[in-house]
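# Coordinates in review
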Amino acid sequence: MDVGIGTYTAMGFDEAVAATREALAERGFGILHEIDLTATLKKKIDKDIERVLILGACNPGFAGEAFDVSKEVALLLPCNVVVRESSGGCVIEAQNPALLAQVISGGLQDMADELSTQMRSMMKDLTR
């Protein structure tokens, strides 16, 4: 099983970040936190990398339902969505929701399938 669901887009970094935020919001996801990996690695270990932003996305409805099934799901929340520069455009990747059903037992398969469908749809919309 793939860890992520992703796509490549010819959009520039700032445009890809804005489009990703919008696509997540359209699907009911909010951003709980963000990590500028580029700035963090530069500051902490003086390492230069391409621009990488990690968005901690959460759909409260799904999170609440999943938490009712298993409290352990909190270990896998929020869902990380990564935008990173690559070859004149950007790669956009989301944590594969199917991992929830693989790692935590107890009825998350249908929810994971629905979230996976949403992530694939989002990636298709972001491919330009």
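Structure: above.
For the structure given in this document, a descriptive report is provided here. (Residues numbered from 1 in each chain as written. Predicted model: local features only at pLDDT ≥ 70, side-chain atom pairs only at ≥ 80, totals over all residues. Heavy atoms only, no water.)

Now for the nonpolar core. Counting 29 residues, the largest nonpolar core has Leu24 and Leu126 as the members making the most contacts within it. Those elements giving two or more residues to this core turn out to be helix 1 (13-26), strand 3 (52-58), helix 3 (60-69), strand 4 (79-86), strand 5 (89-95) and helix 5 (109-126). Other than its neighbours up to four places away in sequence, leucine 24 contacts Phe29, Ile31, Leu55, Ala57, Val81, Met119 and Met122. (Core = buried A, V, L, I, M, F, W, Y, C linked by side-chain atoms within 4.5 Å. Buried < 20%, exposed > 50% of the residue type's maximum accessible area, 1.4 Å probe, protein only. Helix = DSSP H or I, 4+ residues; strand = E, 2+ residues; numbered from the N terminus. Contact = heavy atoms within 4.5 Å.)

A few words on helix 1. Since the α-helix advances by 3.6 residues per turn, residues separated by three or four positions end up pointing in the same direction. With 14 residues, helix 1 should cover 20 Å at 1.5 Å per step; its first-to-last C-alpha distance of 20 Å lies within 8% of that length. Those residues of helix 1 that fall on the buried side of the exposure criterion are Phe13, Ala16, Val17, Ala19, Thr20, Ala23 and Leu24. Buried residues of helix 1, viewed axially, fall in a sector of 170 degrees; they line one side. Facing away from the buried side of helix 1 by more than 90 degrees, the exposed set consists of Asp14 and Glu26. Of the surrounding elements, those touching the buried residues of helix 1 are strand 1 (4-9), strand 2 (30-36), strand 3, strand 4, strand 5 and helix 5. Immediately beyond the C-terminal end of helix 1, within one or two residues, lies glycine 28, with a positive phi of roughly 85 degrees. (Expected span 1.5 Å × (residues − 1). Arc of directions from axis to C-beta.)

Positionally, arginine 27 belongs in the loop between helix 1 and strand 2. For arginine 27, the side chain forms a polar contact with the main-chain oxygen of glutamine 118, separated by 3.4 Å. (Polar contact = N/O pair within 3.5 Å; in protein donor to acceptor, adjacent residues only side chain to side chain.)

In this chain, leucine 77 is followed by proline 78 through a cis amide linkage whose omega measures -5 degrees. The topology assignment puts proline 78 in the loop between helix 3 and strand 4. One non-glycine residue, aspartate 46, lies in the positive phi region at around 55 degrees. Structurally, aspartate 46 is set in the loop between helix 2 (37-45) and strand 3. Residue aspartate 46 is classed as exposed on the basis of its relative accessible area of 55%.

Function cannot be inferred from these measures alone, as they are strictly geometric.
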